[in-house]
Amino acid sequence: MTSAIIIILLVIAAVYFVFRKKGKTTPTVIDLEPTEYQKLLTEHVAFYQKLDTTGKDRFEQKVTDFLAETNIEGIGTEITPLDRILIASSAVIPIFGFPEWKYKNLTNVILYPDTFDKDFQFEGENRNIMGMVGTGYMNGQMLLSRAALTKGFSKDSGKENAAIHEFVHLLDKADGDTDGIPETFIPHEYAEPWLKMMHQEMHHISDGHSDINPYALTNEAEFLAVASEYFFEKPTELQHKHPELYTELSRIFGQDLAG
């Protein structure tokens, strides 16, 4: 047996161990009828509610396309129709300004019932991870907490949406680097000004002069994801308190949500 085959078998075994060691993986459920999609979107997704008829039709189609192309599974929990709608909406919202965009760097979404730890355990202490985009042998995988997913679409979510946060990481990663500069969406001439603005706002957060979640200080990639949550959840508030940041994010995502 060649060393290459051995490595491949070890990678397969590692993936199997990670996703089976705590609870049985539950396959995705059968697709809903369009009217059922519409009902769940209308009841739970504020972004969809604000669209006109044409926009709603396009949103529904993108949700349908995402669910047809992406496998969604549960660890220790069964996947519900609402889970599927919220995950798909989280994917569609950041790319709604780009009709042809597809998540080529995602094949599987793994849903946990609650937060999990660095070893992918969802029971016990030190469980503070709400979502994660896989790297290495887990490339193409996204892990999400149902509790965080549901909260992100609730009326008391504030400026936070953990699932949108993770999908923004995927957009950032599309150019090969998760560095807070989504070069696929930012023209080259805007990259340096965007980086400068990020660092300025990070200084404001550090000094206690910003209402942006301090988790944005982790690095540039987390700043982009955290600021994007704010942009999609509270666009009018972001425009009022951080007009330059709003303008830049509006350019990046091709959406003027406060307009």
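Remember, predicted model here, so these are calculated numbers, not experimental data.

Caption draft 1: View of the overall build of the protein chain. A count of helices and strands for the protein chain gives 11 helices and 5 strands. Sorting the 259 residues of the protein chain into buried and exposed places 47% on the buried side. A total accessible area of about 13,200 Å² is found for the protein chain, and carbon and sulfur atoms account for 54% of it.

Caption draft 2: Structural view of the pattern of salt bridges. Per the stated rule, a full pass over the model turns up 7 salt bridges. Among the salt bridges present, the one from Arg-146 reaches Asp-83, with a minimum N-O distance of 2.6 Å. A residue pair is termed long-range when its members are at least 10 positions apart, and Arg-146 in helix α6 (residues 146–152) and Asp-83 in helix α5 (residues 81–95) qualify at 63 residues. Summarising the burial analysis for this pair, Arg-146 and Asp-83 share the class buried. Here Lys-241 and Glu-237 are joined by a salt bridge, their closest N and O atoms 3.2 Å apart. Separated by 4 residues within a single helix, Lys-241 and Glu-237 lie in helix α10 (residues 235–241), roughly one turn from each other. Taken together, the shared-partner salt bridges in this structure form one network comprising Asp-65, Glu-69 and Lys-102.

Caption draft 3: Main features of the pairing of strand β5 (residues 141–145). For β5, the tally of buried residues reaches 5 of 5 residues, placing the bulk of the element in the interior. Side chains of β5 alternate between two faces, with Gln-141, Leu-143 and Ser-145 and Met-142 and Leu-144 buried alike. Where strand β3 (residues 108–112) meets β5, 5 bridges bridge the pair, whose relative direction is parallel. Note on β5: the bridge partner recorded for Ile-110 is Leu-143.

Caption draft 4: Layout of the environment of Lys-104. With respect to the helices, strands and loops of the structure, Lys-104 is situated in the loop between α5 and β3. Sequence separation of Lys-104 and Ala-174 is 70 residues, and the distance between their C-alpha atoms is 8.1 Å.

Caption draft 5: Molecular detail of empty space enclosed by the protein. Applying the stated rule across the entire model yields 1 cavity of 30 Å³ or more. The computed volume of the largest cavity comes to approximately 50 Å³. Taken together, Pro-94, Phe-98, Val-168, Leu-171, Asp-172, Pro-182, Phe-185, Leu-224, Ile-252 and Phe-253 make up the lining of the largest cavity. Taken together, the elements giving at least two residues each to the lining of the largest cavity come down to α7 (162–173) and α11 (243–253).

Caption draft 6: Just the packing of helix α8 (residues 188–206) against helix α9 (residues 220–233), in detail. At a minimum axis distance of 11 Å, the contact between α8 and α9 shows a crossing angle of 80°. In terms of orientation, α8 lies roughly perpendicular with respect to α9. Mapping the contact onto sequence places Trp-194, Leu-195, Met-198, His-199, Glu-201, Met-202 and Ile-205 in α8 and Glu-220, Phe-223 and Leu-224 in α9.

Caption draft 7: Broad picture of the packing of α8 against α11. Where α8 contacts α11, the two axes come as close as 11 Å, and the packing angle between them is 140°. Classified by the interaxial angle, the pair formed by α8 and α11 is oblique. α11 is crossed by α8, and the crossing has left-handed handedness. Of the residues in α11, those in contact with Tyr-190, Trp-194 and Met-197 of α8 are Glu-244, Leu-245, Glu-248, Leu-249, Arg-251 and Ile-252. For the contact of α8 with α11, the residue count by class is 6 nonpolar, no polar and 3 charged.

Caption draft 8: Region of interest: α11. Of the positions making up α11, those classed as buried are Leu-245, Tyr-246, Glu-248, Leu-249, Ser-250, Ile-252 and Phe-253. Taken together, the buried residues of α11 touch α5, α7, α8, α9 and α10.

About the criteria used
- Residues numbered from 1 in each chain as written.
- Predicted model: local features only at pLDDT ≥ 70, side-chain atom pairs only at ≥ 80, totals over all residues.
- Heavy atoms only, no water.
- Helix = DSSP H or I, 4+ residues; strand = E, 2+ residues; numbered from the N terminus.
- Buried < 20%, exposed > 50% of the residue type's maximum accessible area, 1.4 Å probe, protein only.
- Areas by Shrake-Rupley, 256 points an atom, 1.4 Å probe, with all protein chains shown as cover.
- Salt bridge = Lys/Arg side-chain N within 4 Å of Asp/Glu carboxyl O.
- Pairing = 2+ DSSP bridges.
- 1 Å grid on protein atoms, 1.4 Å probe; cavity = no way out; pocket = protein on both sides within 12 Å on 5 of 7 lines; lining within 4 Å.
- Points joined across faces, edges and corners; volume = space filled by probe spheres on them.
- Axes fitted to C-alpha atoms, helices over the stretch in contact; angles between N-to-C directions.
- Parallel < 35°, antiparallel > 145°, perpendicular 65-115°, else oblique.
- Contact = heavy atoms within 4.5 Å.
- Left-handed = near helix turned anticlockwise from the far one by under 90°.
- Nonpolar A, V, L, I, M, F, W, Y, C, P; charged D, E, K, R; others polar.

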